[in-house]
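Remarks on the overall topology
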2 protein chains.
Amino acid sequence: MKKILLFAFAAMMAVGASAQELANFSRNAQQIVSPEIKGDSVTFRLSANYATVVNLYGNWMANYTDVVPLTKGNDGVWEVTIAAPEPEIYTYNFIVDGVSVNDPRNYMVQRDGTRYLNMLLVPGERSANYNETLAHRGTVSYRWYDSNILGINRRVTVYTPYGYENSKQKYPVLYLLHGAGGDEEAWSSMGRTAQIMDNLIEQGKAVPMIVVMPNGNPGQQAAGTMGLPVKNYDYRAPENANIYVRSLVEELVPFIEKEYRAIPKKASRAIAGLSMGGGHTFAATTLYPDKFDYICPLSAGTRESDTLDQQLQGIKKAGYKLYWIGCGTADFAYPNNQVLDKALTRNGMPHTFYESTGGHEWKNWRLYLNTFAPLLFK
Amino acid sequence: MKKILLFAFAAMMAVGASAQELANFSRNAQQIVSPEIKGDSVTFRLSANYATVVNLYGNWMANYTDVVPLTKGNDGVWEVTIAAPEPEIYTYNFIVDGVSVNDPRNYMVQRDGTRYLNMLLVPGERSANYNETLAHRGTVSYRWYDSNILGINRRVTVYTPYGYENSKQKYPVLYLLHGAGGDEEAWSSMGRTAQIMDNLIEQGKAVPMIVVMPNGNPGQQAAGTMGLPVKNYDYRAPENANIYVRSLVEELVPFIEKEYRAIPKKASRAIAGLSMGGGHTFAATTLYPDKFDYICPLSAGTRESDTLDQQLQGIKKAGYKLYWIGCGTADFAYPNNQVLDKALTRNGMPHTFYESTGGHEWKNWRLYLNTFAPLLFK
C-alpha cells in the first residue's frame, strides 16, 4: 500500500497535481532538501530517475562552461555538494539532458521576464540586508493607475514602510526604475527592495520612505498578466518624445502624491534607476530639474554630446542634494559612467562615483540600493 | 558574427543569465511562442535540442498517463498542437526525459507550494472573470501583522477594491481561507481572486469589498520567504486548541478593522474557505457565532458528531444571512458536505448547497468564489 501511494505521489508530482490535492500523499513521500547549506558547503538535489545527464549551473560560476555534474544515487536522486560561493544572492538551475529545469524543492524564485530562476542566498555580511528582517516589515502593494499620456492603465509596485497604515505621518518617496528586460516586479523580486528597506529602516540607517517601482516599458500595462495588449508607439513622432519619462513625472508622481501620504516637495523626492532606468533617471532630471533632489543613475552613465553640459547646468541651477553614480568596473556601461563623472566634475557639481567590482548584474544593483538609500532625505 | 551572438545567447539562456543582461542579445534570438491559442486549438513549443523524449501534461487530461508527445523539428524546437480544452484555467508542464519542465516562454505561472506551474487560460464564458478586466482594478497588498497568540508576525494578502485609496468609504470584508498545502498567496495566485473581484465589481454584480487572505498554517510566518523559522506547537496542549482560528478572529479581524476602512459589524463580515479553510470556517463560526453573517465552507463539510446540532444551533441563535456550501460531486469531501447539508436542514437553517461537477480542485474553488461573492453583503 505504501509503495502504491509513493508511486501515485511520484506520478502526480511529475505531472503537476495541486499541492492541496496532494496534501494527504505528501506526508508519505520522500522529502528531498535542496539547496541545503551546511557550514561552507551547499548541496543540491534533484529526483530524476530517467535522466541521462544532470548538471548544475549557478551564476556564481565564472563561465557558462563551468557547470557541475550531479551524481545519481540508487534512489534516482541526483546530488552534488560544492563549496558555498561568497555571501550574496545567486540564481541557479539544473540542466537535465540539455534543458533548464528549476529546483522543485526550492520556494525561493526570482522572475526575470518569462523565466523563473531559483535563488540561493548565502548568508554573510554582504547579504545580511537581503534576508527578511525578523522584526518590522513594510507592505508591498500592486496598484493600478491611469496614464493619459500612454493611453493605458498600468500596474506599479509600491513599498510603504512599517507603520504607514497606522499613522498620519507623511513620507518622502524614492522612484526606483528597472532596466531593459525588466518590469514593475524586477526591483521587488530580483532587487530585494522590501527586504533591504525593511532592514535599513529597522537599523536606523535609512529614514522611512515610500518606494515606487513602475513599469518602464511604455507600451506595457503590466508584466505577467494575460490578455493585455501591448501598445506600440511611433517613437519618431514628436508627440512621443520622452513619452515614458513624461508619464512618470507628469502623471505617476502626482498620482502617488495624491493617493499616498507623500511629501510633495523636491527635497522629499529621489529618483534612481539601473541601466535603461538610469537613462530614464537622467532624462527625468534634465527635463524636470525642479522635481528631484536626489539623483542616482546606476550602471548607466551617459555619452558625450553637445548638450550634456547644458543639461547638467540645468540641474546645477535648480539645485540638488545628492548625485550618486554607481557602476561596476567590469560593466560595459563603465566608460559611460566615466563620461558622466567627468562631466559632473567639469561643471562643478558635487557627486559620488561609487565604483564596485563586477558588471551589469543584480548583485551590484542590490549593493547600490543598500548603499545609497541611507543617504536619502537627510 | 550573427551566428556567434545566437550561440552566445542560447548558451546564456540555457544557464539562466539575467534578462537585463540579455536585452541586447534577445533581439537576435528566435522568439518561440508558447502556448499559442488559435481558434479551437493550442500549440505548445519547447526548444530542447538534446532531449530524447518530450511530453506535455495538462491538468485537463483525465489521467496522468494521457501525456501527449511533442515532435522535434529540424531547429531543435519540439511542438504539438491539440484541441483546446473547454474554457477554464489549467496548469501544464513539459516532461523532458522524465523531468517536469516549465514552459520558458509563458509568463503566466501559478505557485503551488514550492512548485511553479504554467497556466493556460482558455477563453470563454466560464473563464471570462478569471482574466484581467480592462477597466478598474483593485490593489493587492502583502501586509505583515503581529500575532501574540501564535507568537510570530505573519504575512497576509489583502485585496482592496478600485477606489479604496481615493475615498473615505468604509467597506465590508470577506475572509478567504486556503486549504492544506496552500498559503497566503494561494487564493490570489491559483484562485484569481483579484481578477474575479475586479470583474464582479466592475459588472455591478458584487459590492465593493475588502478580501483578506491569511496564511492558515499556524506555525508559518509566510510562504516563499527564506530564513524564517517554522514554529511547532503542541496541539494536544489545551492552550493550543483552535489556536489558528482564535488568532484569526481575535487578532486578524481587529487588525483589519483598525488599519483598513472596514465596517466593524457582523453584517459586514463574511468568511469562506476551501478544504482545511472550510474547516477553519466551520470552527470560526461555531466558536464565534456573533462574528460573521456570511458563511461559505467550500469542499469541506463536516462529520456527524454528538455536538454538531448544538454547534449549528449556536449559529442559528446568533443569526446569519447566508450559509452557502459548495462541493463537487466527485470530491472526496462530498459525503461530508451531504452531512452538513442534512444537519442544516434538520436544524431548520436556510442554506444553499451548490453542487458542481468535478472534485477537489481549483477550477471549482474559482467557480464558487465567482458564484457566492455576488451574494455577500446584500
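Residues numbered from 1 in each chain as written. Chains lettered and ligands numbered in written order. Predicted model: local features only at pLDDT ≥ 70, side-chain atom pairs only at ≥ 80, totals over all residues.

A closer look at the overall build of chain A
Our working rule: Under the scheme used here, helices are H or I runs from DSSP no shorter than 4 residues and strands are E runs no shorter than 2 residues, and both carry numbers assigned from the N terminus. Our radius of gyration is a C-alpha quantity, and the globule rule it is checked against amounts to 2.2 Å times the number of residues to the power 0.38. Neighbour counting defines burial: a residue surrounded by 20 or more other C-beta atoms within 10 Å of its own C-beta is buried, one with 12 or fewer is exposed, and intermediate counts give partly exposed, using backbone-placed C-beta atoms. For every residue pair, C-beta atoms are placed from the backbone, and the pair is scored as a contact if these atoms sit within 7 Å.
The helix and strand inventory of chain A stands at 9 helices and 18 strands. Whereas a compact globule of 378 residues would reach a radius of gyration of roughly 21 Å, chain A reaches 23 Å, a difference of no more than 12%. Projected onto its principal axes, the C-alpha coordinates of chain A cover approximately 75 × 45 × 40 Å. By residue count, 48% of the 378 residues in chain A fall in the buried class. The long-range fraction of contacts in chain A, counting pairs at least 24 apart against all pairs at least 6 apart in sequence, stands at 71%.

Digging into the pairing of strand β17 (residues 322-328) of chain B
Residues and elements named next belong to chain B. So the rule is basically this: Here, a strand pair is defined by DSSP locating no fewer than two bridges between the strands. For crossovers, right-handed means that the path from the first strand over the helix to the second runs clockwise, given strands pointing away from the viewer.
Burial of β17 is extensive: 6 of the 7 residues sit out of reach of the surface. For strand β16 (residues 294-298) and β17, the ladder comprises 3 bridges, and the chain directions are parallel. Pairing of Ile295 across the sheet is with Tyr323, part of β17. Where the polypeptide runs from β16 across helix α7 (residues 308-318) and back to β17, its parallel neighbour, the crossover connection is right-handed.

Topic: the environment of Ile201(B)
All names here are of chain B. In this structure, Ile201 sits in helix α4 (residues 193-202). Its 22 C-beta neighbours within 10 Å are what place Ile201 among the buried residues. Sequence-wise, Ile201 and Pro374 are 173 residues apart; in three dimensions their C-alpha atoms are separated by 8.7 Å. Those residues in contact with Ile201, other than ones at most four positions away along the chain, are Pro161, Tyr162, Ala206 and Pro208.

Quick look at the nonpolar core
What counts here: The term nonpolar core refers to a group of buried residues, namely Ala, Val, Leu, Ile, Met, Phe, Trp, Tyr and Cys, whose C-beta atoms join them within 7 Å.
Core analysis: the largest hydrophobic core is formed by 175 residues, its most contacted members being Val96(A) and Val96(B). Aside from chain neighbours lying at most four places away, what touches Val96(A) is Ala48(A), Ala51(A), Val54(A), Val101(A), Val96(B), Asp97(B) and Val99(B).

A look at the sheet that holds strand β5 (residues 71-72) of chain A
Residues and elements named next belong to chain A. The 4 strands are arranged β1-β2-β6-β5 in an open sheet whose pairing can be described as antiparallel. Edge positions in the sheet fall to β1 (36-38) and β5, since each has one partner strand and no second. The sheet contact formed by β1 and strand β2 (residues 41-47) spans 3 bridges and is antiparallel. When the bridges of β2 are listed, Ile37 appears paired with Val42.

Some words on helix α5 (residues 243-259) of chain A
Residues and elements named next belong to chain A. Note the threshold: Helices are assigned an expected span. That span is 1.5 Å times one less than the residue count. Each residue is assigned a bend, namely the angle between axes fitted to the seven residues that terminate at it and the seven residues that start at it.
Over its 17 residues, α5 runs 23 Å from end to end, which matches the ideal 24 Å to within 8%, given 1.5 Å per residue. Helix geometry: α5 is bent most strongly at Leu252, by close to 30 degrees, with proline Pro254 lying one to four residues after it. Those residues of α5 that fall on the buried side of the exposure criterion are Tyr244, Val245, Arg246, Ser247, Leu248, Val249, Val253 and Ile256. Buried-residue contacts for α5 involve β11 (139-147), β13 (173-177), β14 (210-214) and α6 (276-287).

Topic: helix α9 (residues 362-372) of chain B
Residue and element names in this part refer to chain B. Counting buried positions along α9 yields 10 of 11 residues, so the element is predominantly enclosed. Residues of α9 that are buried: Trp362, Lys363, Asn364, Trp365, Arg366, Leu367, Tyr368, Leu369, Asn370 and Phe372. As for α9, its buried residues are in contact with β7 (88-96), α4, β15 (269-274), β16, β17 and β18 (352-356).

What to know about unusual backbone geometry
A cis amide bond, omega -10 degrees, links Ser34(A) with the succeeding residue Pro35(A). Secondary-structure assignment places Pro35(A) in the loop between α2 (19-26) and β1. Of note in this structure, Ser299(B) is not a glycine but carries a positive phi near 50 degrees. Summarising the element assignment, Ser299(B) is placed in the loop between β16 and α7. Of note in the backbone geometry, Phe377(B) takes a positive phi value of approximately 60 degrees without being a glycine.

Focus on the sheet that holds strand β6 (residues 77-83) of chain B
Note on sheets: strands pair through backbone hydrogen bonds, and any given pair is parallel or antiparallel. All names here are of chain B. If you walk across this open sheet you meet the 4 strands as β1-β2-β6-β5, and the pairing is antiparallel. With one partner strand each, in any of the chains shown, β1 (36-38) and β5 (71-72) form the two edges of the open sheet. Bridge analysis of β5 against β6 gives 2 bridges, and the strand direction is antiparallel. Along β6, the bridge assignment pairs Thr71 with Glu79.

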